[in-house]
Amino acid sequence: MQFWITLTFAVLLATTICHVMAAVAAPAPAAQVAAPAVQKFHLTPHDLQILEGTDTLLRCEVSNRAGKVQWTKDGFALGFSAVIPGFPRYSVLVDAKQNAYNLQIKNATLEDDAEYQCQVGPAAGNPAIRANAKLSIVAAPSSIVIEGYARNARVEVEERQNLTLHCIAENANPAAEIVWFQGEVPVSTAPIVTVNQTAPKRFTTSSTLQLQPRAEDDYKEFSCEARHKALPPDVPMRAQVQLSVLYPPGAPFFEGYSQGEPLHRGQEVQVACRSRGGNPPAQLTWYRNGVAISSPQRTSGRLSENVYKFTAAAEDNGANLVCEATNLLATTPLRAELNLTVLYAPKDVYLSGANQAKVGDSVQLSCVTAPSNPQARISWSINGRPLDNSTYKTTSSTDGGWVSSSNISLTIDTQSRTFIAVCHALNTELTQNVVGSHTVNVLYPPSPPLLTGYNDGDILISGSILKLQCSSAGGNPPPTLQWYKNDKIINAPSKLVDSKITSELSLLVNASDNNAIYKCKVQNAAIDIPLFATKTLGVHFPPETVKISVVPKNLVPGIRAKLICDSSSSNPPAKISWWKDGIPVEGLSLANRPGLWGGSVSTLEMYVNITQDLDGIVYTCQSHNEVLQRSVHETISLDILYPPKFETPQSTTFVGVEGAPFHVELLASGNPMVISYTWTKDGLPISSNSLSGQRLISDGPRLNISRLSRNDAGVYICEALNSQGTALLEIQVAVEYAPTITAVSEGRSFVAGEPAVLACHIQARPLEAAHVRWSRDGYDLATRTISSFENGTALLQIASVERSDIGNFTCIVDNQRGAPAAQNVLLVVQTAPEIDHSPAFTRYAARLGVRAQLICRSLASPQPSFIWRRHGKDLKMQRRNKFKSAERQVDALNFESALLIENTSPDDYGQYECVVRNALGQASTTLEFSKPSRPDAPQQLRVGNVSDTGVDLNWTPGFDGGMQTYFRLRLKQHGEDKYKYVDAKPGHQNISLDGLKPGATYYFSVMAANEAGGSKFMPDIKLTLSKGSQPHSAEYTEKDELPNVMIIGITSAAMVLLVLNAALVAWFVIRRQNKSQSEAEPSNDDVYSKDDSQSVYKADVQKKAAASTYLVENVDIIQSTAYPPKYQESSMCTPPYPLCNPDFTRTLPNPKRHSQRNSATGMIEGMQMRSKDDHMLISNGLYIPSPSPASSLVIKGSYISSPSPAPPADGSYFNMSDKYMSYPPVTY
């Protein structure tokens, strides 16, 4: 930089010398000229002192300036420019009129603190001049802190402990002064101050203050303040802390209770313990008799308080209360204590002694009080009269207070039945009297009991009711009465009326009451031995049960068994008899022996010879009490053990239907009835595991077949087994099944005039001639054919076949065992070729560059040969030639030949001849091959199923134009002006509509469309829907349902569009020519001017506007050529021909993805692998847009209106019934 300054001055000096030499060399003027004025400073800069961050101006004005002016900073030249490079905050403000060259510095920093010089360079006759000025930057301290503490922090320090505070003020210029304050008063102690330079022109001041705080310094604030000329005096810069001096608390003291002050039991008491001073505040703790008490504490400033609240109780008398105060600085707790005094009367008095006594007895009674303070005095009264002969004493209680006691002696006399003693305890200090009482009852014996209700010797009948009464009078306390039966207690209610107790016992007499002893016991405290009254009962009772036993237990045919009948106890003895199935039989050895409750047990035996016929025979034993005319009986069914035996079925053959479930159940009887069953077929066991998943499962006596098969037919054996033996039963299972046609006669052709036989081979069960029939629509089977049936084969014979007999005869078999079987049998009669002339086989189209396919179909027998011709000449069919052919047999009568045209060119379009020959003749037809075009209108619209609200429609398609064809249906209700449109699914020639109005009349029509455009709509069908029982009706009409006004309007709009289209095309041609010329001219400008860009933009907008004016949005146009975009890919080459190469199949380019055209080739980038037909379509102007609501179809540069909105991008199409019809998504 010094080099450049030196160089600058050298250049100025050289310039000055040149001017001087020029002046010397110049000729002297003729006359004397006055000397020019010398440059000098009019205003020189002066020293300044400013604040950091402010703006300043160093002034410099020059009179008679001749040289150049510049500023220097500490000897560094800043240059002659007003804008100083490298110093963005510096600038020279030049005022040419005033010759002012002021240096302006913005946002001054300490870097600007320097010596500045205003220099004026030398000029002719003018030496260089200079003027210096010192700029001083004053910077306030950036911060002030007390080291180690945050602002307004609390500083904890123990009392009289040394504390050092360091205050630092940083980054000031010049250094700042620090002043210490206690509160708002300056500290008298002199701090230690140091100043350090931390950076160039940056100074840090440090001030250290030494303190030794005392208790009164707690909560005081100490602050340090920075003083500096850059700081405003009204906004001081301070750092502040607050001292927290730690010191012990003061001694605790009480308020609210004084030592010795008496309290009454139940009194609410509050005693406050307080302590003043202490940091941290004192922690106050209560102790009662040495046990800590939980009580809340509160602190206000330096005063701590803990209030103990309690309700005075007897146990509080003499209780010791201690309050301790402590904190972190207290070495030992500070204590205050007191003792409580509580006055209370005794809570209760307790009396003890005998509760009852006899006349003449002496009874001792005692009365003791609960603790009392002071002691209580005791007095007595008997039946309300004071008593003086009592003793009295007082003792101290271990729980505190005094306990008083007194005893009296009482002699029982006959004057009263009850004595009531009352004890009075009086606390004279509190004037409270507590009373207790004790009752002594006088005892008297009751009278002997009296038992009535039964006379000795009476006979009772079992089941009768007996009531016994017992009573006793007198007695104190009233006696108790208890019933017994043979020393067993019986509960019965009793009642006391006028000192007389009575009780009644109601009995339902039974056998256990015979000879039973009933007792009535009376007793009270006055007697030691109870008083009794007794009765012994006599009862007649019948037998309750009969028991039959069999010897031996297991009965088998051929043995002699003994039946024994035992009757339960009866009084008098019972008579036993035997019965067999209701008929009396004789028994043997009737015997009686003693039984329960004083009765007799009877036994009767009988012998039986066991046979199998006796199984289940019922024997009855009856026991009869003749006196009571009551009897009881028991039955036994003989259980004779024998092997299983099957129930004989009506038939051993069981028939089932194939495919249906099949069940057979064979039951066997035997004893024991626990019988296991085993099923076998052809010697192999059938599984009984239902979880095995097999079709054949045995389930005990049942055979289950889940789905019967004809292979299940045969012999099955069921074996039944129990502990006594086995039994076998054999059955036959026959399976009937639906018919199946196993084979038909085919592959043979018959010569006209010869007999023909068609055969149909059948499998079925049952199968008879009546189950088989032949059918053919429109054919006279009765006169032309003879049918027969033998050995499972149905035959149809025709004596002499003709050309008209060609066709399918249907063999139908129905044996009512399932779905009928039917199969067509084709009768082939040899005939000359007959070519199919329908549009599908006479018109073809394909794009240029693709492989095209023309198909010729013919009916013939025997198999024909095909010849392809063009312009009268046979086409050469070689593998590498232009043309190839492939033939195939469609069915027994129809044959096809496909002509494949490689790489279609314009010369290939035209007519082709197909010649078909066989041994019986030949035929030929002409096929038309052309470029792809719009499809023909469908040929016929048919009505299918019709309901009240819906209809199914189908149609026959016409020529497809050589491309994938789509169909659109239009409909409207009678009386409406506008049509609604619905699109059929791609590849479908039918559509179903719903949501229609019942009974309404609708008009329907259909049109076809492909990528080239659309056909006309067919004539409308008029359809009236059914409503209730009213049937629907349909008719064809050629009437155009459009109003004339709409036709005229559409025609006018079309004419206007045609004119506008022509104008637009002409405008585009002229514009393209102009554009081509403008592009050919070279451009010298590397940027665009604003006017040019605006004109281009305007032209583009006009172009878009012009294009948009050709969009027609009338959805009611009838004859439309537009159609929604394709929904699936299509191909000109279809299987099954082997020469069809899928590599020739291509799809149209997606205009959204392939929009960049190569300027050299004219092709769209990204289409290198596409076929020529794609290129041809783009170069010829055929543009198929991607499916979006705003897209429209463009053909050869023309816009064509769409009769209905395009489908939404998600692949669904909104139809007339407000529902969505799903379409497959568009693929590219």
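Residues numbered from 1 in each chain as written. Predicted model: local features only at pLDDT ≥ 70, side-chain atom pairs only at ≥ 80, totals over all residues. Heavy atoms only, no water.

Some details on the state of the cysteines
Just so we agree on the cut-off: Disulfides are defined in this document as cysteine sulfur pairs within 2.5 Å. Secondary structure follows DSSP: runs of H or I at least 4 residues long count as helices, runs of E at least 2 residues long count as strands, and numbering of each begins at the N terminus. Exposure categories follow from relative accessible area, calculated using a 1.4 Å probe and restricted to protein chains: below 20% of the type maximum is buried, above 50% is exposed, and the middle band is partly exposed.
Scanning the entire structure with this criterion turns up eight disulfides. Note that Cys-60 is cross-linked by a disulfide to Cys-118, the S-S spacing being 2.1 Å. With the S-S bond torsion at -75°, the cross-link from Cys-60 to Cys-118 turns out left-handed. Of this pair, Cys-60 sits in the loop between strand 3 (56-58) and strand 4 (61-63) while Cys-118 sits in strand 9 (residues 114-120); the two residues are 58 residues apart in sequence, bridging distant segments of the chain. With a relative accessible area of 0%, Cys-118 lands in the buried category. Two residues share a disulfide in this structure: Cys-167 and Cys-224, whose sulfurs sit 2.0 Å from each other.

Focus on the environment of Thr-299
Keep this limit in mind: Residue contacts are defined here by distance: any two heavy atoms, one from each residue, within 4.5 Å place the two residues in contact.
With respect to the helices and strands, the residue Thr-299 is situated in strand 25 (residues 297-300). What makes Thr-299 partly exposed here is its relative accessible area of 42%. Put simply, Thr-299 and Ser-275 are 24 residues apart on the chain and 9.7 Å apart in space, counted from C-alpha to C-alpha. Each residue touching Thr-299, except ones within four places of it in the same chain, is listed here: Pro-281 and Ser-304.

Some details on the sheet that holds strand 63 (residues 696-699)
Each strand in a sheet pairs with another by means of backbone hydrogen bonds, the pair being arranged parallel or else antiparallel. Our working rule: One bridge is not enough; two strands pair if DSSP finds at least two bridges between them. The convention used is that axes are lines fitted to C-alpha atoms, helices contributing only their stretch in contact, and that angles between N-to-C directions extend from 0 to 180 degrees.
One open sheet holds the three strands; their spatial order is 59-64-63, and the pairing between them is antiparallel. Where the open sheet ends on each side, the last strands, each with one partner, are strand 59 (662-665) and strand 63. Taken pair by pair, the neighbouring strands of this sheet meet at an average axis angle of 15°, ignoring direction. Both strand 63 and strand 64 (residues 702-705) contribute to a ladder of four bridges, which runs antiparallel. Opposite Ser-698, over in strand 64, you have Leu-703 as the bridge partner.

Considering the sheet that holds strand 76 (residues 852-861)
With antiparallel pairing, four strands are arranged side by side in an open sheet as 74-76-80-79. Pairing within the sheet leaves two strands with one partner each, and these edge strands are strand 74 (831-835) and strand 79 (883-889). Mean inter-strand twist for the sheet, computed between neighbouring axes without regard to direction, equals 25°. Both strand 79 and strand 80 (residues 894-901) contribute to a ladder of seven bridges, which runs antiparallel. Looking at strand 80, one finds that Arg-888 is bridged to Glu-896.

Observations regarding the environment of Cys-856
Structurally, the position occupied by Cys-856 is in strand 76. Given a relative accessible area of 1%, Cys-856 falls into the buried group. In sequence terms Cys-856 and Thr-926 are 70 residues apart; their C-alpha atoms lie 9.5 Å from each other. When sequence neighbours within four positions are dropped, the list of residues in contact with Cys-856 reads Ile-835, Phe-866, Trp-868, Phe-895, Glu-896, Ser-897, Cys-914, Val-916 and Thr-925.

Some details on the confidence of the model for the protein
We apply this condition: Per-residue confidence from the predictor is given as pLDDT, running between 0 and 100.
Per-residue pLDDT for the protein averages 81, and the proportion of residues at 70 or more is 82%. Here residues 1076-1228 is a poorly scored stretch, pLDDT under 50, and it has 256 contacts once near neighbours within four places are set aside; other chains count.

Some words on the nonpolar core
Rule in force here: Put simply, a nonpolar core is a bunch of buried Ala, Val, Leu, Ile, Met, Phe, Trp, Tyr and Cys residues held in one set by side-chain atoms that sit within 4.5 Å of each other.
Core analysis: the largest hydrophobic core is formed by 27 residues, its most contacted members being Cys-760, Trp-774, Phe-809 and Leu-827. Only strand 66 (725-744), strand 68 (756-765), strand 69 (772-775), strand 71 (793-798), strand 72 (807-813) and strand 73 (821-829) provide two or more residues apiece to this core. Discounting chain neighbours no more than four positions away, the residues touching Phe-809 are Leu-758, Trp-774, Ser-775, Arg-776, Tyr-779, Leu-781, Leu-796, Ile-798, Gln-823, Asn-824, Val-825 and Leu-827. Among the nonpolar cores identified, the runner-up in size contains 26 residues, and Val-62, Leu-78, Leu-110 and Ile-129 belong to it.

Quick word on the pairing of strand 84 (residues 951-956)
Of the two faces of strand 84, only one is covered, namely that formed by Val-951, Leu-953 and Trp-955; the face formed by Asp-952, Asn-954 and Thr-956 stays uncovered. As defined by bridge partners, strand 83 (residues 940-946) adjoins strand 84 across five bridges and the pair is classed as antiparallel. Residue pairing across strands places Val-946 opposite Val-951, the latter belonging to strand 84. Joining the antiparallel neighbours strand 83 and strand 84 is a turn of four residues. Strand direction decides the pairing type here: strand 84 and strand 87 (residues 990-993), joined by four bridges, are antiparallel. Note that in strand 87 the partner of Leu-953 across the bridge is Ile-991.

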